[in-house]
Amino acid sequence: GTAEYAALRLPFELHGGYVLALVAVYFNTFLAGFDSLPTSVFLAAANASLGLLLCAGFYVLWVTDRKFYGVGVGLVWYLLGVAIELHAPTQPIYNEFSDGAILTTQIVAGMATLILATLLGVRVMKTMIKHNLFNCGDALDKEGEISTDYVHA
């Protein structure tokens, strides 16, 4: 049930989301080692990484047979952290990138956070309804029609 999921699967899924985000961080750090590349390459790679993390979150929440909610939560947390960090970036970021580039990446991270958080919320609600966690399963009568008898005014 829910308690088993929270105790046994959720911690590993959260860690999986964290590790997935770290792959993006390490890839961008690897690219930073190439000093001869223009700044626009780093900016494009960072924004592409954020987009790929959004796609990975969509995949684990909506495409796979087994839904990995914790991975989605971990990715939302990471994307939110990027958006918040870029609100008041550190001096090395200011030194390397223009204000427009920082703002663009902050917007990409913020939009990815909003989209993935919405996808996660809808997935959770769909699962709760599917497993009748709202106790409204008796709303369907014998002919498959929706009844409002469960509503108490």
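Remember, it's a predicted structure, so these values are computed and weren't measured experimentally.

Caption draft 1: Looking closely at helix H2 (residues 39-63). Between its first and last C-alpha, H2 extends 35 Å over 25 residues, near the 36 Å set by a 1.5 Å rise per residue. The complete set of buried residues in H2 reads Phe 42, Ala 45, Asn 47, Ser 49, Leu 50, Leu 53, Leu 54, Ala 56, Gly 57, Val 60 and Leu 61. In this structure, the buried residues of H2 make contact with helix H1 (2-32), helix H3 (69-85) and helix H5 (99-130).

Caption draft 2: Quick look at the environment of Val 23. Positionally, Val 23 belongs in helix H1. Residue classification places Val 23 among the exposed residues on the basis of a relative accessible area of 51%. Val 23 sits 26 residues away from Ser 49 along the chain, and the two C-alpha atoms are 9.3 Å apart.

Caption draft 3: Structural view of the side chain of Thr 105. With respect to the helices and strands, Thr 105 occurs in helix H5. The exposure class of Thr 105 is buried, given its relative accessible area of 9%. Not counting the four nearest positions on each side in its chain, Thr 105 is found in contact with Leu 43, Asn 47, Leu 50 and Leu 86.

Caption draft 4: Quick peek at a nonpolar patch on the surface. A surface patch of nonpolar side chains, about 460 Å² in accessible area, is lined by Leu 103, Ile 107, Met 111, Leu 114 and Ile 115. Inspection of the secondary structure assignment puts Ile 115 in helix H5.

Caption draft 5: How the structure looks around the packing of aromatic side chains. Scanning the model with the defined rule gives two aromatic pairs in all. Ring centres of Tyr 5 and Tyr 69 lie 6.2 Å apart, and the angle between their planes is 85°; this geometry places the pair in the edge-to-face category. Highlighted residues: Tyr 5 in helix H1 and Tyr 69 in helix H3, separated in sequence by 64 residues. A single burial state applies to Tyr 5 and to Tyr 69, both of which are buried. Taking the centre distance of 5.2 Å and the plane angle of 90° together, the rings of Phe 30 and Phe 34 count as edge-to-face. Taking relative accessible area as the criterion, Phe 30 reaches 52% and is therefore assigned exposed. The ring of Trp 62 has Arg 123 lying over it, and the distance from NZ or CZ to the ring centre is 4.4 Å.

Caption draft 6: Region of interest: the nonpolar core. Leu 61, Leu 75, Leu 79 and Leu 116 are the most contacted members of the largest nonpolar core, which totals 21 residues. For this core, the secondary-structure elements that each account for two or more residues are H1, H2, H3 and H5. Sort the elements by how many residues they give to this core and H3 lands first, with seven residues. Setting aside residues no more than four positions away along its own chain, Leu 61 makes contact with Lys 67, Phe 68, Tyr 69, Gly 72, Leu 116, Leu 119, Leu 120 and Arg 123.

About the cut-offs
- Residues numbered from 1 in each chain as written.
- Predicted model: local features only at pLDDT ≥ 70, side-chain atom pairs only at ≥ 80, totals over all residues.
- Heavy atoms only, no water.
- Helix = DSSP H or I, 4+ residues; strand = E, 2+ residues; numbered from the N terminus.
- Expected span 1.5 Å × (residues − 1).
- Buried < 20%, exposed > 50% of the residue type's maximum accessible area, 1.4 Å probe, protein only.
- Contact = heavy atoms within 4.5 Å.
- Patch = residues over 30% accessible without salt bridge, like charges linked within 9 Å, V, L, I, M, F, W, Y side chains within 5 Å.
- Areas by Shrake-Rupley, 256 points an atom, 1.4 Å probe, with all protein chains shown as cover.
- Salt bridge = Lys/Arg side-chain N within 4 Å of Asp/Glu carboxyl O.
- Phe/Tyr/Trp six-rings, centres within 6.5 Å; stacked < 30°, edge-to-face > 60°.
- Lys NZ or Arg CZ within 6 Å of the ring centre and 35° of its normal.
- Core = buried A, V, L, I, M, F, W, Y, C linked by side-chain atoms within 4.5 Å.

Everything listed here is a matter of coordinates, which is why it stays silent on function.
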